[in-house]
Amino acid sequence: MEIRIGNRTISEMSEPYFIADIAANHDGDLNRAFRLIELAKEAGADAAKFQNFKAETIVSRKGFESLGGQLSHQSSWKKSVFETYKDASLPDMWSGKLKEKCDEVGIEYMTSPYDFASVDFADQYVNAYKIGSGDITWTEIIKHIAQKGKPVLLATGASDMEDVKRAVEAVRAYNNQIILMQCNTNYTASDTNFSYINLNVLRTYHEWYPECILGLSDHTFGHATVLGALALGARVFEKHFTDDNDREGPDHKFSMNPVTWRKMVKACKELYHALGDGIKRVEENEQDTVNIQRRAFYLQKDLGKGEIIHEEDIFPLRPVKPGAVLPFEKQDVLGRTLTRDKHKDECLKWEDIQNDKR
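Residues numbered from 1 in each chain as written. Predicted model: local features only at pLDDT ≥ 70, side-chain atom pairs only at ≥ 80, totals over all residues. Heavy atoms only, no water.

Engineer: Give a description of the overall build of the protein chain that names residues and reports values.
Structural biologist: When its secondary structure is counted, the protein chain shows 12 helices and 12 strands. Radius of gyration (C-alpha) of the protein chain: 30 Å, far over the 21 Å computed for a compact globule of 358 residues. Summarising its shape, the C-alpha atoms of the protein chain cover approximately 100 × 40 × 40 Å along the three principal directions. Across the 358 residues in the protein chain, those meeting the buried criterion constitute 47%. Summarising the internal contacts of the protein chain: among those between residues at least 6 apart in sequence, 65% fall at separations of at least 24. Carbon and sulfur atoms form 48% of the exposed surface of the protein chain, whose accessible area is close to 17800 Å². Side-chain charges of the protein chain comprise 47 positive and 56 negative groups, with the mean position of each set lying 2 Å from the other. (Helix = DSSP H or I, 4+ residues; strand = E, 2+ residues; numbered from the N terminus. Rg over C-alpha atoms; globule rule 2.2 N^0.38 Å. Buried < 20%, exposed > 50% of the residue type's maximum accessible area, 1.4 Å probe, protein only. Contact = heavy atoms within 4.5 Å. Areas by Shrake-Rupley, 256 points an atom, 1.4 Å probe, with all protein chains shown as cover. Lys, Arg positive; Asp, Glu negative; His and termini not counted. Charge placed at Lys NZ, Arg CZ, Asp CG, Glu CD.)

Engineer: Summarise the environment of A33; cite the residues concerned and give the values.
Structural biologist: The residue A33 is located in helix α1 (residues 30-43) in this model. Using a relative accessible area of 0% as the deciding quantity, one classes A33 as buried. The spatial distance from the C-alpha of A33 to the C-alpha of S159 is 31 Å, given a sequence separation of 126 residues.

Engineer: Would you mind going over unusual backbone geometry in detail, with residue names and values included?
Structural biologist: Cis geometry is found at the peptide bond from R318 to P319, where omega equals 0 degrees. The topology assignment puts P319 in the loop between β12 (314-317) and α12 (330-333). In this structure, A23 takes a positive phi of about 45 degrees despite not being glycine. Its place among the elements puts A23 in the loop between β3 (17-21) and α1.

Engineer: Pulling in residues and values, what's your account of the nonpolar core?
Structural biologist: With 60 residues, the main nonpolar core has F50, L98, L180 and W261 as its most contacted residues. No other element matches the 8 residues that α1 contributes to this core. Excluding residues that lie within four positions of it along the chain, L98 makes contacts with L30, A33, F34, I37, F50, L90 and Y109. With 13 residues, the next largest nonpolar core counts I3, L153, I179 and V236 among its residues. (Core = buried A, V, L, I, M, F, W, Y, C linked by side-chain atoms within 4.5 Å.)

Engineer: An account of the environment of P151 is needed here, citing residue identities and associated values.
Structural biologist: Assignment of secondary structure puts P151 in the loop between α6 (139-146) and β7 (152-155). For P151, a relative accessible area of 3% puts it in the buried group. Ignoring sequence-local partners within four residues, the contact set of P151 consists of I3, R4, I5, N127, A128, Y129 and Q177.

Engineer: Could you give an account of helix α9 (residues 224-231), naming the residues involved and the relevant values?
Structural biologist: Residues that lie three or four places apart on an α-helix share one face, since the helix turns once every 3.6 residues. Those residues of α9 not exposed but buried are T225, V226, A229 and L230. The buried residues of α9 occupy one face: seen down the axis, they fall within an arc of 140 degrees. The secondary structure elements touched by the buried residues of α9 are α8 (201-208), β9 (213-218), β10 (236-240) and α10 (258-275). Directly beyond the C-terminal end of α9, a positive phi value near 110 degrees is found at G233. (Arc of directions from axis to C-beta.)

Engineer: Account for the packing of α1 against helix α4 (residues 92-105), with residues named and values stated.
Structural biologist: The description of two packed helices rests on the angle between their axes and on the distance between the axes. Direction vectors running N to C along α1 and α4 enclose 30 degrees, while the axes themselves pass 10 Å from each other. With respect to their mutual orientation, α1 and α4 come out roughly parallel. Of the two possible hands of crossing, α1 and α4 adopt the one that is right-handed. Here L30, A33, F34, I37, E38 and K41 of α1 come into contact with α4, specifically with W94, K97, L98, K101, C102 and V105. (Axes fitted to C-alpha atoms, helices over the stretch in contact; angles between N-to-C directions. Parallel < 35°, antiparallel > 145°, perpendicular 65-115°, else oblique. Left-handed = near helix turned anticlockwise from the far one by under 90°.)

Engineer: Break down the packing of α1 against α10 for me, citing the residues and quoting the values.
Structural biologist: Relative orientation of the contacting elements α1 and α10 amounts to 30 degrees, with a least axis distance of 9 Å. Classed by the angle they form, the pair α1 and α10 counts as roughly parallel. Where α1 crosses over α10, the two elements pack in a sense that is right-handed. Residues L39, E42 and A43 of α1 lie in contact with α10, whose contacting residues are P258, W261, R262 and V265. In terms of residue class, the contact of α1 with α10 is built from 5 nonpolar, no polar and 2 charged. (Nonpolar A, V, L, I, M, F, W, Y, C, P; charged D, E, K, R; others polar.)

Engineer: Talk me through the pattern of salt bridges; I want residue IDs and the actual numbers.
Structural biologist: The final tally for this structure, using the stated rule, is 28 salt bridges. The partner of R8 in a salt bridge is D46, and the shortest N-O contact between them spans 3.0 Å. Placement of the pair is R8 in strand β2 (residues 8-11) and D46 in the loop between α1 and β4 (47-52), with a sequence separation of 38 residues. Measuring nitrogen to oxygen at the nearest pair gives 3.4 Å for the salt bridge that ties D21 to K49. Of this pair, D21 sits in strand β3 while K49 sits in strand β4, and the two are 28 residues apart along the sequence. Overall, D21 belongs to the buried group, its relative accessible area being 3%. Put simply, R35, E38, E42, K101 and E104 are held in one network by salt bridges that share partners. (Salt bridge = Lys/Arg side-chain N within 4 Å of Asp/Glu carboxyl O.)

Printed below as a string of structure tokens:
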């Protein structure tokens, strides 16, 4: 299966694809958003992602106020949930400008739309859609996005396998271009979150949906989970991105920054090349070591032409020479006669042996 996003073709064997989720880290400043796009590109991201929503179409003011307090990562927010989402919402007039900026610097523009109008509005700007974990049970919006006919990146945080199957079926009713992303939606940046990322779910996804490209949408510190996911077959990686983890805002604390992002990209590319294609072979850079590390039979004493080779006459030593008799071929040479004189510590070759029946 291959999925094309912009100028990149993504498959289960392709190089890793990195999405810098700028999300709310623009802090309401368009120029700051432009700068984060530039920094993401410089750090090695393939896409810069934003979010299209209006506060009133994603959260209920009264619903959150009635909870009696803000929970999980929202407990550290200085403003109410509704006001925080209102501040983080992306003005419609920004989308075209953000897309132009991404085109200018050579990075894919991407967004997660959170209502029908936002989906339709974003369609003119995007080559793929990201569906956030929180909407995995909203099959209506999933189907609406799938019908656009563009690749769908489906995050699966805070869900079970039934939720995943339902969502995948909703996409597949219209569209087979699915990037299925394991995710854990705890945004507290706690070290304990590593115990819950459950990367082996990617094995399950591959078993259930071998035609899907695998990915990871991640909110842990560093890139250990990304390396693990890459080794398990994931090829698309989304991490939040900022220029300063000490800034105020809902996403800055657990985001990657330009320095950590570059380290992640470098480490992932090293691992990607190290994984290889799975075909066992003598590699190009091993050709010399084949000769100097492998053994071949060497004469333990002088033997003349016509003499019979006995087991005590030969012993396997390094290096191996072209045409040499190899250790696993010993039984094929014992009892045969030499066609020429051989001296002690000379390599025994097949051309030295009469009646070569190999």
